[in-house]
Amino acid sequence: MTRPAARPTARVPNAVGLVKSDYGGLPSTLCKGCGHNAVANQIVQVAFELGLRPHEVVKLSGIGCSSKSPAYFLGRSHGFNALHGRMPSVATGALLANHRLRALAVSGDGDTGSIGLGQYKHLLRRNLRMTYLIENNGVYGLTKGQFSATAEDGLELKYAGTNPFPEIDLCAEAIVAGCGFVARGFAGDAAQLRALLKAALAHRGTAVVDVISPCVAFNNDDDSRKSYGYGRKHEVPLHDIGFVPPQEDVVIEDHEPGETRIVELHDGSRLALAKLESDYDPSDPARALARLFAARESGEILTGLIRFDGERPSAAEAFRIGDVPLAERSERDLRPGREAFDAVLDRY
Amino acid sequence: MTRPAARPTARVPNAVGLVKSDYGGLPSTLCKGCGHNAVANQIVQVAFELGLRPHEVVKLSGIGCSSKSPAYFLGRSHGFNALHGRMPSVATGALLANHRLRALAVSGDGDTGSIGLGQYKHLLRRNLRMTYLIENNGVYGLTKGQFSATAEDGLELKYAGTNPFPEIDLCAEAIVAGCGFVARGFAGDAAQLRALLKAALAHRGTAVVDVISPCVAFNNDDDSRKSYGYGRKHEVPLHDIGFVPPQEDVVIEDHEPGETRIVELHDGSRLALAKLESDYDPSDPARALARLFAARESGEILTGLIRFDGERPSAAEAFRIGDVPLAERSERDLRPGREAFDAVLDRY
Amino acid sequence: MAVLQPTDRSAARAGGDGVRVNDFSLVVATANGTGSQTANLALLRSIFLQGVPVHGKNVFPSNIQGLPTWFHIRASAEGWVARQAPEIVVAYNPRTLHEDVAVVPEGGVLLLDDGLRGAPERDDVTTYRVPVAELMRDVDAKPTLKTYLANMTYLGVLAWLLGLPLDVVERALLKQFSGRRSLVDANLPVVASAWRWAEERLEKRDPYRIEPMDATRDTMLITGNDAAALGSVVGGVTLAAWYPITPSTSLVDALGAHLEELRPEREDGRDWAIVQAEDELAAIGMVIGAGWAGARAMTATSGPGISLMAEFAGLGYFAEVPAVVWDVQRVGPSTGLPTRTSQGDVAFAHALGHGDVRHPVLLPGSVEECFEFGWRSFDLAERLQTPVFVLSDLDLGMNTWMAPRFAYPDAPMDRGKVLRGDAIPDDFGRYRDVDGDGVTYRTVPGDANERGAWFGRGTGHDADAVYSERAEDWRANQDRLLRKWATARELVPEPELDVVPDAELLVVCMGSTRFAVDEARARLERLGATFSLMRLRALPLGRVAREALETHARVVVLEMNRNAQLRGVLAADLPEVAPKLASIAHLDGLPFTAEQVAAWLKPHLGLDRARLAKGAGA
Amino acid sequence: MAVLQPTDRSAARAGGDGVRVNDFSLVVATANGTGSQTANLALLRSIFLQGVPVHGKNVFPSNIQGLPTWFHIRASAEGWVARQAPEIVVAYNPRTLHEDVAVVPEGGVLLLDDGLRGAPERDDVTTYRVPVAELMRDVDAKPTLKTYLANMTYLGVLAWLLGLPLDVVERALLKQFSGRRSLVDANLPVVASAWRWAEERLEKRDPYRIEPMDATRDTMLITGNDAAALGSVVGGVTLAAWYPITPSTSLVDALGAHLEELRPEREDGRDWAIVQAEDELAAIGMVIGAGWAGARAMTATSGPGISLMAEFAGLGYFAEVPAVVWDVQRVGPSTGLPTRTSQGDVAFAHALGHGDVRHPVLLPGSVEECFEFGWRSFDLAERLQTPVFVLSDLDLGMNTWMAPRFAYPDAPMDRGKVLRGDAIPDDFGRYRDVDGDGVTYRTVPGDANERGAWFGRGTGHDADAVYSERAEDWRANQDRLLRKWATARELVPEPELDVVPDAELLVVCMGSTRFAVDEARARLERLGATFSLMRLRALPLGRVAREALETHARVVVLEMNRNAQLRGVLAADLPEVAPKLASIAHLDGLPFTAEQVAAWLKPHLGLDRARLAKGAGA
Ligand SMILES: Cc1ncc(C[n+]2csc(CCOP(=O)(O)OP(=O)(O)O)c2C)c(N)n1
Ligand SMILES: Cc1ncc(C[n+]2csc(CCOP(=O)(O)OP(=O)(O)O)c2C)c(N)n1
Ligand code: SF4
Ligand code: SF4
Ligand SMILES: [Mg+2]
Ligand SMILES: [Mg+2]
C-alpha cells in the first residue's frame, strides 16, 4: 500500500555501510521450524534495512528458547542474557545507565507472562526506550512443553494435559499498564512483522510486540491458537501496515487516501495503517481492549498496531537525565569538589 | 433501597449465637483516623451480621499497615501474616489445602500493586475462594510515605516528591486477569462497603474489593485522590447497592423496579444494584474497563460492583479436589496399600 | 572434548582369555531430539534383563534439538556404576565425530554410522561401520519418524555384537514403551534387520560380551526423580506446587503419574493437587500456605529456584511451618550449566534465608534413598515443624539406576504434634514448649474448637504467637529454636558409616558421588590402602557422625563443588575437628569416575603415583 | 521490660564529690509519632555543642504512631558511646509508665509527666514532676501540634537540670530544623517556659551535670546511613535502585538530598537517577543492568531484600558485574524485628546465591567507615568486577553518632579494567585473564568499537563469553574466579588490629558492636586483664587477619547473631585455626552494653565474677 521503502538488498551496503550479514549472529541452536528462528531472521533483515548502528543497540533477554535467540542476531551489538523473568529490571538499569542506547529485548510468554509478569508491568509504567518482543508460543519450550500463562483456557497438549485457567493476554496487559505502543504479530506473517518491528524501533518509549511464534516441538497442532496452522487460518490483520522512514513521502497505493491512518513516530518516521476490517483507532485504550476481547471470543488472532500513544515521556525524561549518559560521566562530573563537600560537612 | 436485612444489634447474638464482640480482635496499633481502622470495623460488623463461623474463615495478609489489620478483627479465626507481596501464594496453598475455608485477605496497594503484582494477577487467574481486600492509600504507610504503584501520575507528597508514572488501577488489573468479582469501595462510605463485603464473602471465587483507605499520616491532602476529602467530594457510586441474604425476598424501596439489577451469588444471596448514573452492566468486562478509564480521566472515584461473572469455576473445582479437604485426609486415604504399591514396583 | 575423557586407555584391555564378559563401558554419541534415548534405554534394559548389573547416564545439552548428547552405559558384573571412560563408542553424530572417534581407547571399539563423512581412521581400535542409510532405505515411515528409527540400527548391531538375543531386546522395548505393542512393532523391525545385517556381515573382533547372570533379580531400574515421586506419594503428599526447571521437572511429572495411578480420582474428586505456580517464589509460598493449613505439601526445584525461595524459607523456619523442598542440584552459580550435575547448593540450602536460620537437609545417595526420603521427609518436616530440604542431583535424579526393590514404609505416618478439637487445651499457646524438646504443639485452621486459633507470622512473637518486640521474648523463642535444633540432630537419618579398625583416615562423602567413592575404595583396597568411609545422609550432624569425625586422626571431605561447602559446614559446626578436615572439592558438571577419586585420595593414603596408576586400571 | 535493662544499678552512683559531670546515660520514654524525636535530638545536640561527647539511640517500634519508643542518650567525657542502662529516665508515656519507673536505678533520676496517673512511688530515686498540662495551657497551637510541642517541656526541664544554657538549646534547635527560624520560634518558647519553671520551682537534688569541655571540635554528629549516602555521592554513584525497607530507607533518602545539593540538576538534566523499584528483586536487577552498562550503581536494603536478591547476586558474581549492595541489618529471620539491630546477615550475604558464589563484604564499624566505604565500595566493585556487599546495621545506620570530620577521598576513582574505543584489542575476549590476577578486561555497550561487543550471561561460558557446556571451560573459568578471589583478599580493607604484646587472647569483632567492645576492653584493662583486639573490616580475610588469628593462642569471635555466623565463616576459611575460635554470639535486638561484653569476656580472661562486677561498675 505505501511505497515500499527502497530496500537495500542483502549484499549491497545499507545507509551505514553494513551488509546484511553484518547483522547476523551465531548459528541458531533452536529446533528447525521454530517460530523464534523466523523472528530472528526478520530482526536481522529489519536492522539491516533500517541501517541500525550495532553499537547503539543492546540485546536483552531472559531465559527460555526465545531468550536464547539474541545470540543469533546482531553479533556486533552488546547483549545480556539475564535471569528467567527478570530481564525488565536489567533493561531498566542498562537503559537508565545509557539512555542513548535502544534495547532490542526478546522474551518468551513464560518469561514475561508467568514468572516475569510483575516486572513486565512495572517496566511498562516506566516507559524505557526499548522494543520488547515476546515470542509467544503458549508453552515453555525449553523445559519441554508445560503451559505458560498465555495458553488458552481448555488447550490440550500431549505432555501438559488440559489447561483449566484463562489466558493472560500480554497485549491487554500492556494496554492497561499504560504502554504507548502495543502490537501483535505472527511469525508466519513476515512482511507485517517487519513493519511492526521498524515502527517499534522508532518509538521513543517501550514498544511491545507480541509475536505468535509457534513451538513446533510442543504446541503446533492446528487447533492450538499458537500454531502455524491456526495462525494462518485465523489471523485477522487490523490494517495493512507500511513503515515510512523519516524524510520519505507516504505514498498510498492500493487503498483510498481516506482509508489510511498515518501514525507519526517520534523520530519522524511514520506508519501508514490502511484500514481493513474497520477504521480501527489505536489511540483509544478502551476500544483496543474491547476489540482484543472480542477477538478472543471469536477465535481470531488479531494482528497489527493495537494501541498507540506517542506522547508519554520516556523513563529517561521522567528521571530528568542529562545529555551525557550516566555510564559515560567522568570523575569530574561525578565527584563533588572539596569546597562543596566541606560545605556539607559544616552542617553536621 | 432493598429491605434492610434484619440487622442483629451488637449485643444480641446472631444466627450462629455470637455477639459482635466475638468478632473483634486485638486493639489496633494503627494511626488514629487511618482508613484501615474504618475498614476493620466494617469487617467486624459484616462478619457479625452474616453470622460467619470464625473457624470457617482464615485471615491472610502481606506486610504493611494494612496487612497488620487482620490482627484487629476476628480473633477467633486462624490467620497468617505472610511476606510482603506474597500473600496470594500463601492463600493459594492454604485454600487448596482446605477448600472449605474461605479466606478474608487484606493487603495494601504497595503489597499488591508494587511487589505483589505478579502474584496478584496469577491468583486471580486461579480463582480461589477468597475476599481479596486492598486497603488502597496510594502510599507505603508502614515505611513512611513513599509512592506505591497506585499513586496517580503527578501526585505531590511532602515526603515523596512528585510521582511521574501512571497509576496501576487494581480493579482494571483484576478485570483483565479474568476476575469474576471486582468492586471498589471507599473507607468513608461504610454502608456501601458493608454491602460489597457481604457479597464478596458470598462469591464462590476470588472477589477483589479495592477500598480507597486514606493514610492520614502521609497521603490525606484534599487534592490527593486517595484522601478522605477527595473521596467525599468525588465518589461516584455506580449504583445503590443492597445485599440480600439467602431465603430473603428482595424488596425494592425508593427505586422503580425496572431500575434495579439483581445479581445472584453462588450461595443464594443476591445483590440489588439500583441504577444511579446509568444502567451500568457489570457483566461486560470491556465496558467496565471503559468506564474505569473514563472515571480516571474525569477524576471520579467510581465505587460499587464494577465487574461480575459468577460462572467461572473456583480453583478447587479446576483442580478437581474431592469433598474432604486435603489437610483433613487421613493416612488411610493418603498412603496407597501394599498391593497397589507392589504392582507399581513390578513395572520397574 | 567436553564430556568424554579418554584418560584410562588401559581399561579397555581384555582379560587373560581375551574376552571381557559383563564388564565394559560404552557411550552413544548422537544429537539431542533425535529419539536416541529410546534405543539407549532399550540397550540398557536388555543388559539388565540378562541379569547383568548396569547403569545409564545421559549427558545432554540445554536445548531441545540438534546439539550433542552422550549416553553412557556401564555394565559391571561386580555392580560398579560410576562413570567410566568408554571402551565402546557409538559415533552417530556428525558434529562430534572427530572427538568421539578420538576418545576410543586403544583396543576399544568404534561403531560408526557409515554415512558420516570424514571420520578419522583408527587402526588401533576395532571399527564396525553401520550402513544406516542402507538399513533404513526400505523402512516405510514419515521422515521425522525415520530419523528416530535410525537409532534402532546401532541398537541392533550392538545387541548382536554383545550377544544380546533379539527377544531380550524386544522385551526391553516393550517395557520401554510401557507395553504399547504398536510402538514396539514400529521399532523392532529396524533393530532386527540391523541385528541380522550384523550377523551376516560382521565378524566379531572385539572382546566385549554380555552373558546371562543372575544379579538383577528383585532389582529395579529407575531414576532418582521417579523414586522420589513414588516415595512422596507413599508419604501422603497432598499438594505439590512447583515451577518447571531442569533437572527437577521429571520428579513432578512422575509424581502426577503415580498419583493418578495410586490415588486415582474418586467420584467426588481427588485427594491431591499439583499446581504449576508462576515461579518458584510462588511455589514455595503455596507450600508454606498449605503446610500451615495442615496439608503435606512439597515442591521440587533446582538452584535458581532455591535462590528465589530464600525469603519464604526463612518465614517457614521462623513461623515453624512443615514443608518439603527437593533441590535436584545442577551446576551453578546462576543459570550455570542447567543439564550438568553438582553438589553445589549444600551450604546455601542448609542456611537459606537472612537472619539466623538453619534447615535440616537430607542427602539421598541412591535411588532407594530418594524413595525413602520421599516419605520420610514429610514425617521429619511435620515432626519438627520446619521446612526440610532434600538435596538430590541431576545425576541421581535423571539417570537410570539399579536398586533393590523399594521397601514399603515400616511405620505409619508421623504427623507430629498436631492438636485437634477437644484435645486443644484451654491454655493453648502455639509456641509453648510443653515437652521441653523445642517442638511445640500446633493447631490448624478449620478446627471448630476456636481456642486453637492463632495468628502465624514472620515477625517477632511470644509463646502465644502474639506480635512482640520484647528482647526477652525474642531470646526465649530463639533459645527454644536451638533446643529444637538439638532435637533435629537426633531425628535426622544417621550416616552410613563403615569404620575400618585402626584406620587413620576417614573419608566423608554425600549423595551420588558415593558410587565413584565406593568403587575407588575397592580399587585402593586391592592396593592395600584402607580407610573408613562415612556417607552423610543428613544435616545437622548427629552423634554418630560427630564421633566418627572425632575418633579418626585424619578426615577427607569429598564433594562435588568448588567451594568445599560441606567441609565448611562441618568446620563451622565442629570447629574442634576442623583442622583435620582435608578437602577434595571438584566440579565440572560430570559425575566423578572411580579413577578420579582414587587419584585424589592417593596422597591422603601415602600411595605413590606409579602404584596407583597400575591399581586403578585393574 | 523489653528495652531498658536495669542491670547495673551501681552505675548511677556519684563520684567522690557527689557530682557526675559529663558522664551519664539517659532515656526518654514516649510514644511513637508524637514528635519527641525533635526534643531528643535537640538535647543530644545541646550536649554536643557544649563540647561533650555524646551519642543517641532510638529504640522504636515497627509502627507509625502510638507505640512505645525509647530514646537513649549517653554523655561521656571519655567518649564512650555504647548503650548503657539509664541513670536518668524521662517517663512521658502512660503505656510504659510502670516499667519505665521501675528501671531507674537506686540513686537515679526520674522525670515524670505529672499528668500521668498511677506512677509508682520510688523513694530511692530523685523524682521531678513536670506539670506538662499546666506548662502547655497557654500555648496557642492546633491540638496535633500541641502534642508535639509538649515534648519541649522535658527538654526545657532537663536542660535546666543538666546545666544547659537556653541559648545552647536554641542553637541546637536551629540546627535541628536546618536553620528554619519559624520552627524554632514555635518550639523554643515551650522549652524556655519549662526551663524557667524548673529554675523557679525545682531544687537540683541529683548529681548529673553537663559542663562545657572541648572534645567535639572538628567532630560531626551524623547517622551511619547519612554518612553512607554522602560517601556514595563522593564515590560517583549514578544509579540507585531500591525498595523501601527499614532501616535502609533513610540511606536512600539522604542520598537523594545529597545528590540534589552536590550534583544539582544541570540545564540538560541530571547525572544521576534514583529509581524506586517494585521490589528488591527488581532493584538489584536494575543495579546489575546498570553495572553491566558501565554505570556506578547501588542499592540499599535489609535482610528480606537480601533474600530476594539471591538469584541476581549469583548472576552478578558469575557474569562479573560490578554492583554495590548496602545491607543495613535488622533482626531476622523473616520479617523478624524490623526496628531492631543485628549482625545476622553476614554469612548469608557473604555466600549469597546457589552454586559456588562468594562476595566481598565490607563491615563498617563507625559512621566514618560508612562514609569511607560509601565511595571505596565502588572502587572495589569495579576493580574486582563483582557485587560488593556493605553490611551496616540499624544501630549504626539510623542512630546519631559523633565522628571526626570526614576525609575527602585520598585517591581518584578507580574504574577498574574498562577498555574503550581504540584501546580494545583485536583479540578482545571478555574473560581472558590477560594479567593473571583473575580480573579480566571489560567493555561497555555504546562503544563504537564493535570489536568489544560481548554477550553477558549467567550460563556457562568460555573466555570469550560464548555459551559453553564444556567441562574444561567450566573448570578454567572457575579456576580464574578463584584467582580473582585471591586478588580480592589483597584489595579489601585490612582489619583494625591492636596487638598487645604477649597477649594470649585475641578478640575478634566487627561493625557496631565495637563500641561496647572498646569500652569493655578499657574496663577490663583496669582490672589488669588485657587482650589483643581485631575489628574485621571486610571479608575475605587478608594476610593481616590471618596472621593475627594464627599467632594468638586463643581467639574469641564476638558477634551479634545467634548462629555465630562470623565464627563459622572464619572456621570454614581457615579450618586450621578453627578449634581456638571460641564464640560469643548474642542477639536480642538491642545494642550490646559494655557491661554485657565485659561479663561475656570474663571467663575467657580468667577473671572471677566478683572482681569483674566491681570493675564493670567503675
Ligand atoms: C528461576 C528459574 N526457574 C525456572 C527456570 C527454567 N526455565 C528455563 S526456560 C523456562 C520457560 C521458558 O518459557 P518461555 O519464556 O515461554 O520460552 P520458550 O522456551 O517457550 O521460548 C523455564 C521455566 C529457570 N531458568 N530459572
Ligand atoms: C521484602 C520486603 N521489602 C520491603 C519491606 C518493607 N515494607 C514493609 S510494608 C511496606 C509497604 C507497605 O505498603 P502498603 O502495602 O501500601 O501498605 P500500607 O502500609 O500503605 O497500608 C514495605 C515496603 C518488607 N517488609 N519486605
Ligand atoms: S522447543 Fe519449541 S520453542 Fe524451543 S526451539 Fe524447539 S520449537 Fe522453538
Ligand atoms: S501510616 Fe498511614 S496507613 Fe499506616 S497506620 Fe498511619 S494512617 Fe494508616
Ligand atoms: Mg514460550
Ligand atoms: Mg498503602
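Cut-offs and rules
All residue numbers here refer to positions counted from 1 along the written sequence of the relevant chain. Note on labels: chains are lettered from A, ligands numbered from 1, in written order. Given that this is a predicted model, residues contribute local features only at a pLDDT of at least 70 and side-chain atom pairs are listed and counted only at 80 or more, while totals for whole chains, interfaces and linings are drawn from all residues. To obtain the side-chain values, all non-hydrogen atoms of the structure were used and water was disregarded. Under the DSSP-based scheme used, a helix requires at least four consecutive residues in state H or I and a strand at least two consecutive residues in state E, with every element numbered from the N terminus. Partly exposed describes any residue whose relative accessible area lies between the buried limit of under 20% and the exposed limit of over 50%, with all areas from a 1.4 Å probe on protein chains only and scaled to the type maximum. Contacts between residues were defined by any pair of non-hydrogen atoms, one from each residue, lying within 4.5 Å. Positive charge is attributed to Lys and Arg, negative charge to Asp and Glu, and no charge count is given to His or to the chain ends. Lys charges are placed at NZ, Arg charges at CZ, Asp charges at CG and Glu charges at CD. When the copies are superposed, the least-squares fit draws on C-alpha atoms of residues that have pLDDT of at least 70 in both. By definition, the buried area sums, over both parts, the 1.4 Å-probe accessible area that each loses when the two are put together. Note on definitions: salt bridges are taken to be side-chain nitrogens of Lys or Arg within 4 Å of carboxyl oxygens of Asp or Glu. N or O atoms closer than or at 3.5 Å make up a polar contact, with two conditions inside protein: a donor-capable atom paired with an acceptor-capable one, and, for residues adjacent in sequence, both atoms drawn from side chains. Residue polarity follows a fixed list, in which Ala, Val, Leu, Ile, Met, Phe, Trp, Tyr, Cys and Pro are nonpolar, Asp, Glu, Lys and Arg are charged, and the others, Gly among them, are polar. In short, DSSP must find at least two bridges between two strands for them to pair. The angle between two axes is taken between their N-to-C directions and runs from 0 to 180 degrees, where each axis is a line fitted to C-alpha atoms and a helix contributes only its stretch in contact. It suffices for a single heavy atom of a residue to lie within 4 Å of a molecule or strand for the residue to be listed as near it. Using a 1.4 Å probe, the Shrake-Rupley method yields the accessible areas, and only the shown protein chains count as cover for residues. Each metal's donors comprise the N, O and S atoms found within 2.8 Å of it (within 3.2 Å for Na, K or Ca). Water is not part of the atom list, so some coordination spheres may appear incomplete. By convention a crossover is right-handed if, when the strands point away from the viewer, the path from the first strand over the helix to the second runs clockwise. Stacked, tilted and edge-to-face pairs are distinguished by plane angle, under 30 degrees for stacked and over 60 for edge-to-face with tilted covering the rest, among Phe, Tyr and Trp rings (Trp via its six-membered ring) whose centres lie within 6.5 Å. Any Lys NZ or Arg CZ found within 6 Å of a ring centre and within 35 degrees of that ring's normal is scored as a charge over the ring. Every helix has an expected span of 1.5 Å times one less than the residues it contains.

(A) Up close: the overall build of chain A. Scanning chain A from terminus to terminus reveals 12 helices and 15 strands. Considered along the principal axes of its C-alpha atoms, chain A spans approximately 70 × 50 × 45 Å. Out of the 348 residues in chain A, the part that is buried amounts to 67%. Residue pairs in contact within chain A that sit at least 24 positions apart in sequence constitute 72% of those at least 6 positions apart. Both charge centroids of chain A, one from 40 positive and one from 43 negative side chains, sit 6 Å from each other.

(B) Representation of the relation of the copies chain D and chain C within the structure. After a rotation of 180° and a shift along the axis of 0.0 Å, chain D superposes on chain C with an RMSD of 0.1 Å. On the angle and the small slide along the axis, the relation comes out as a two-fold axis. Of all interface residues in chain D, 100% are interface residues in chain C too; the two copies therefore contact each other through one and the same surface.

(C) Quick look at the interface of chain D and chain A. Taken residue by residue, the interface counts 75 residues in chain D and 57 residues in chain A. Overall, the association of chain D and chain A removes approximately 5600 Å² of surface from exposure, summing both partners, and the carbon and sulfur fraction of that is 61%. Connecting chain D to chain A are 7 salt bridges. Across the chain D-chain A interface, the total number found is 24 residue pairs in polar contact (both at pLDDT 80 or more). Among the elements of the structure, β9 (219-223), α7 (224-234), α8 (249-262), β11 (273-276), α9 (280-292), α11 (310-319), α13 (367-384) and β18 (455-457) of chain D are those that each provide at least two residues to the side of chain D that touches chain A. Considering each element in turn, the side of chain D that touches chain A owes the most residues, 8 residues, to α9 of chain D. For the side of chain D that touches chain A, the residue count by class is 41 nonpolar, 16 polar and 18 charged.

(D) A look at the sheet that holds strand β4 (residues 130-136) of chain B. An order of β11(B)-β15(B)-β9(B)-β10(B)-β4(B)-β3(B)-β1(B)-β2(B)-β18(C) is seen for the 9 strands of this open sheet, with the pairing classed as mixed. Since the sheet does not close on itself, it has two edges, and those belong to β11 (235-237) of chain B together with β18 (455-457) of chain C, each with one partner. The mean angle between the axes of side-by-side strands here comes to 20°, regardless of whether they run parallel or antiparallel. With respect to the sheet, helix α9 (residues 285-298) of chain B is in contact with β9 (181-186), β11 and β15 (301-308) of chain B, its orientation differing from that of β15 of chain B by roughly 170°.

(E) Region of the structure containing the site of ligand 2. Neighbouring ligand 2 are 23 residues; H36, S66, D111 and G141 of chain B together with E280 of chain D lie closest to it. Nearby residues place ligand 2 at the junction of chains B, C and D. Between an oxygen atom of ligand 2 and a side-chain N or O atom of N137 of chain B, the distance comes to 3.1 Å. At 3.0 Å from an oxygen atom of ligand 2 is found a main-chain nitrogen or oxygen belonging to L142 of chain B. If ligand 2 stood free it would expose 590 Å²; the protein chains cover 98% of that surface. If one sorts the elements of the shell around ligand 2 by residue count, helix α4 (residues 109-114) of chain B sits on top with 3 residues.

(F) Here's a closer look at unusual backbone geometry. Between L539 of chain C and the following residue, P540 of chain C, the backbone shows a cis peptide bond with an omega angle of 5°. By the element assignment, P540 of chain C lies in the loop between β22 (538-539) and α17 (543-551). One non-glycine residue with positive phi stands out, namely S334 of chain C, at about 55°. With respect to the helices and strands, the residue S334 of chain C is situated in the loop between β13 (323-331) and β14 (337-341). A relative accessible area of 1% means that S334 of chain C is categorised as buried. Positive phi is not limited to glycine here, since D218 of chain D has a value of about 55°.

(G) Structural context of the coordination of the magnesium ion (ligand 6). Residue and element names in this part refer to chain B. Only D109 (OD), N137 (OD1) and V139 (O) from the protein coordinate the magnesium ion (ligand 6), and they sit 2.1 to 2.2 Å from it. Mapped onto the sequence, the donors of the magnesium ion (ligand 6) take the spacing D-x27-N-x1-V. Placement of the pair is D109 in helix α4 and N137 in the loop between β4 and β5 (139-140), with a sequence separation of 28 residues. Taken individually, D109 and N137 each receive the classification buried, so the pair is uniform in this respect.

(H) Quick peek at the site of ligand 3. Close to ligand 3 lie L30, C31, C34, H36, C65, N137, G141, C215, V216, A217 and F218 of chain A together with I64 of chain C, which account for all nearby residues. More than a single chain frames ligand 3: its nearby residues are located in chains A and C.

(I) Geometry of the pairing of strand β24 (residues 581-585) of chain D. All names here are of chain D. Relative to β24, strand β23 (residues 554-559) is paired through 5 bridges, and the arrangement is parallel. Residue pairing in the sheet places V557 in a bridge with S583 of β24. On the question of chirality, the crossover connecting β23 to the parallel β24 by way of helix α18 (residues 565-573) is right-handed.

(J) Molecular detail of the environment of L197 of chain A. Residue and element names in this part refer to chain A. Along the chain, the position of L197 falls in helix α7 (residues 190-202). In this structure the C-alpha to C-alpha distance between L197 and L128, which are 69 residues apart in sequence, comes to 16 Å. Setting aside residues up to four positions removed in sequence, L197 forms contacts with Q42, I43, V46, T131 and L133.

(K) Quick look at the coordination of the magnesium ion (ligand 5). All names here are of chain A. Surrounding the magnesium ion (ligand 5) are the protein donor atoms D109 (OD), N137 (OD1) and V139 (O), at 2.1 to 2.2 Å. Counting gaps between the donor residues of the magnesium ion (ligand 5) yields the pattern D-x27-N-x1-V. In this pair, D109 is assigned in helix α4 (residues 109-114) and V139 in strand β5 (residues 139-140), connecting sequence segments 30 residues apart. Taking the relative accessible area as the measure of exposure, D109 reaches 1% and is therefore buried.

(L) Local environment of the packing of aromatic side chains. For the structure on display, the rule yields 33 aromatic pairs over all chains. Ring geometry for F186 of chain B against Y228 of chain B: centres 6.4 Å apart, planes inclined by 55°, an arrangement best described as tilted. Residue F186 of chain B is located in strand β9, and its partner Y228 of chain B is located in helix α8 (residues 228-234); the two are separated by 42 residues in the primary sequence. Residue class for F186 of chain B comes out buried when judged on its relative accessible area of 1%. Given the relative accessible area of 14%, Y228 of chain B is considered buried. The interplanar angle of 65° and the centroid separation of 5.4 Å between the aromatic rings of F341 of chain B and Y408 of chain C together place this pair among those described as edge-to-face. Residue F341 of chain B is found in helix α12 (residues 338-346), and its partner Y408 of chain C is found in the loop between β17 (400-404) and β18; the two belong to separate chains. For Y408 of chain C, a relative accessible area of 18% translates into the label buried. Taken together, the aromatic side chains of F341 of chain A together with F371, F406 and Y408 of chain D make up a single cluster linked through ring pairs. The ring of F73 of chain B has K59 of chain B sitting right over it, with the charged end atom 5.9 Å from the ring centre.

(M) A look at helix α16 (residues 514-526) of chain D. All names here are of chain D. Between its first and last C-alpha, α16 extends 18 Å over 13 residues, near the 18 Å set by a 1.5 Å rise per residue. With respect to burial, α16 is a largely interior element, 10 of its 13 residues being buried. Within α16, burial applies to R514, F515, A516, V517, E519, A520, R521, A522, R523 and L524. One or two residues past the end of α16 sits G528, with phi positive at roughly 85°.

(N) Quick peek at the interface of chain D and chain C. Taken together, the 67 residues of chain D in the interface contact 67 residues of chain C. The largest per-residue losses of area from chain D upon contact with chain C belong to H354, D356 and R562 of chain D, which jointly make up 15% of the total buried on that side. Where chain D touches chain C, the interface holds 2 salt bridges. The closest approach of N and O atoms between R340 of chain D and E469 of chain C, which form a salt bridge, is 3.6 Å. Linking chain D to chain C there are 32 residue pairs in polar contact (both at pLDDT 80 or more). Of all the secondary-structure elements, those providing two or more residues to the side of chain D that touches chain C are α10 (303-308), α11, β14 (337-341), α15 (471-491) and α18 of chain D. Counting residues per element, the side of chain D that touches chain C draws most heavily on α15 of chain D, which supplies 7 residues.

(O) Geometry of the environment of K57 of chain D. Residues and elements named next belong to chain D. Residue placement: K57 occurs in strand β3 (residues 54-59). The class of K57 is buried, set by a relative accessible area of 3%. When the C-alpha positions of K57 and L259 are compared, they lie 27 Å apart, and in sequence the two are 202 residues distant. If we skip the residues at most four places from it in the chain, K57 touches W70, F71, H72, V81, R83, D395, N399, W401 and P591. A polar contact of 2.9 Å, which involves the side chain of K57, links it to the side chain of D395.

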